[in-house]
Amino acid sequence: MSEMSRSFRPLWIRLILAAALPGVVSCAPEIGEEAPAPADSALESEVSATEPAATVEATPGVTGERVLFGQSAAFTGPAQELGLGMQTGIRAAFREANDGGGVHGRILELVSLDDAYEPAAAVVNTLQLIEEEQVFALIGAVGTPTSRSATPVAAEAGVPYIAPFTGAAFLRDPAWDNIINLRASYQQETEEMVARLTGDLGIDRIAVMYQDDSFGRDGYQGVRLALERRGVEPVAIGLYPRNTAAVKTALLDLRQGDPQAVIMIGAYQPVSTLISWARHTGMDAVFLTVSFVGSNALAQALGETGADVVVTQVVPFPTNDSLPVVASYQNALSAHAPDAVPGFVSLEGYLAGRLAIEGLERCGVELSRDCFLDSLRNAGTVDIDGFELRYGDGDSQGSDEVFMTALGDDGAYYPVATMQTMAQ
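Rules behind the numbers
- Residues numbered from 1 in each chain as written.
- Predicted model: local features only at pLDDT ≥ 70, side-chain atom pairs only at ≥ 80, totals over all residues.
- Heavy atoms only, no water.
- Buried < 20%, exposed > 50% of the residue type's maximum accessible area, 1.4 Å probe, protein only.
- Helix = DSSP H or I, 4+ residues; strand = E, 2+ residues; numbered from the N terminus.
- Right-handed = clockwise from strand over helix to strand, strands pointing away.
- Pairing = 2+ DSSP bridges.
- Axes fitted to C-alpha atoms, helices over the stretch in contact; angles between N-to-C directions.
- Parallel < 35°, antiparallel > 145°, perpendicular 65-115°, else oblique.
- Contact = heavy atoms within 4.5 Å.
- Nonpolar A, V, L, I, M, F, W, Y, C, P; charged D, E, K, R; others polar.
- Salt bridge = Lys/Arg side-chain N within 4 Å of Asp/Glu carboxyl O.

## Structural notes on the pairing of strand 1 (residues 66-73)
Counting buried positions over the eight residues of strand 1 gives eight, a clear majority of the element. In strand 1, alternate side chains face the same way, and those of R66, L68, G70 and S72 on one face and V67, F69, Q71 and A73 on the other are all buried. For the crossover that starts at strand 1, traverses helix 4 (residues 80-99) and ends in the parallel strand 2 (residues 107-114), the hand is right-handed. Note: strand 1 against strand 3 (residues 137-139), two bridges, orientation parallel. Each bridged residue has a counterpart across the sheet, and for F69 the counterpart in strand 3 is A137.

Laid out in structure tokens, this is it:
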């Protein structure tokens, strides 16, 4: 894009670009690597150097030999395990397709940039992916505040925004015609929590701890709506700043309400820190958190203090290979990253990759962004090895599934049929 065209960007984009700190944008490493990973395999590196095919070069990111996707996510900082997990799952799905000859003869590639879970960096990365990398679509973004900043950039450029790792309500607004969501919303997760607490345990003294930004407020709004439907209000509220683990003040505020349960909307480091301090100081409450927390990372951070912490999930158990989609995921993960431990986040990344592949397959050889989006928006039911996604008019969210899980004494997650069986 020319310098002249850049000068006509909306003012809000130019202001964010001016404020963005230098050095926050970088290539994201593979799990277990220190250096950037510019390509998923030697085959991808070779394909990257090929000249675009004349018949398809009008569609950015598409040649006769490849389709290029872009990802801006957290690969450093307190939310890095989420970005790394999503990246690993997407790449596992892409490698699975590539090993089978690609999609309509095209190899799938993913270029990932680190936004460190900061909105300004997400804008910088999104512009770089669209204008410089010339990606076909964006996939697997991590977080509400980063998505809130990046989605207008993608929409203005007409670039598909696929399967962000967030359940934020604004992404489900029918006004966005370039967004395709995979997962259930935060409002659905928090409704399940409140329903189980009040129905299973008779608990109505519920407090909320949330990240003080658009992510936290979205989850907090979900809790408030669920409580209002039952005629109650939160007994206490605690806040903490994004990308920190500064939760001691929040804990003091929560204790003032003497809650029976605390619903937490945050990333794994601050959530685990609050739970550890709460239990160390003798706070007797049920602790619950949404899927964004990053389940594997939370379990590792909590260690022995994690027993009976409840986490809502939006994908099946990543170890239950009796489900065809999980068996496929495990095989793909083993082929791509043999040392990776199966987890809810990388399974969601794998499903995101499979969803993108489904859209590509439905379009056929004549691939365009409009066809790709229409093929998913109008798909009705998308069956990914038994995991069904349903889209329709004004409905850009594929799954409404919410699964309740809890940590055991052994640090593993187990399904929760009823919270009555849990220790209080």
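## As for the packing of helix 13 (residues 344-363) against helix 14 (residues 369-377)
Axis separation between helix 13 and helix 14 bottoms out at 8 Å; the angle between their running directions is 110°. Accordingly, the angle class assigned to the pair helix 13 and helix 14 is roughly perpendicular. For the pair helix 13 and helix 14, the contacting residues are L355, A356, G359, L360, R362 and C363 in the first and C371, F372, S375 and L376 in the second. Partitioning the contact of helix 13 with helix 14 into residue classes produces seven nonpolar, two polar and one charged.

## So, the pattern of salt bridges
This model, assessed by the stated rule, comprises 15 salt bridges. E358 is paired through a salt bridge with R362; the nearest N and O atoms lie 2.7 Å apart. Pair noted here: E358 and R362 are both in helix 13, with a separation of four residues, about one helical turn. Here E358 falls in the buried class, since its relative accessible area comes to 18%. By relative accessible area, which is 38% here, R362 ends up partly exposed. Linking E388 and R390 is a salt bridge whose minimum nitrogen-to-oxygen distance equals 2.4 Å. Taken together, the shared-partner salt bridges connect E118, D213 and R242 into one network.

## Brief notes about the pairing of strand 12 (residues 387-390)
Taking every second residue as pointing to the same face, the buried face of strand 12 carries F387 and L389, while none of E388 and R390 on the other face is buried. Taken together, the four bridges between strand 11 (residues 381-384) and strand 12 define a ladder with antiparallel strand orientation. Note that in strand 12 the partner of V382 across the bridge is L389.

## Regarding the environment of E388
Within the secondary structure, E388 is located in strand 12. With a relative accessible area of 32%, E388 lands in the partly exposed category. The spacing of E388 and V325 is 63 residues in sequence and 10.0 Å in space, taken between C-alpha atoms. Those residues in contact with E388 that sit more than four places away from it in its chain are T381, V382, D383 and G398.

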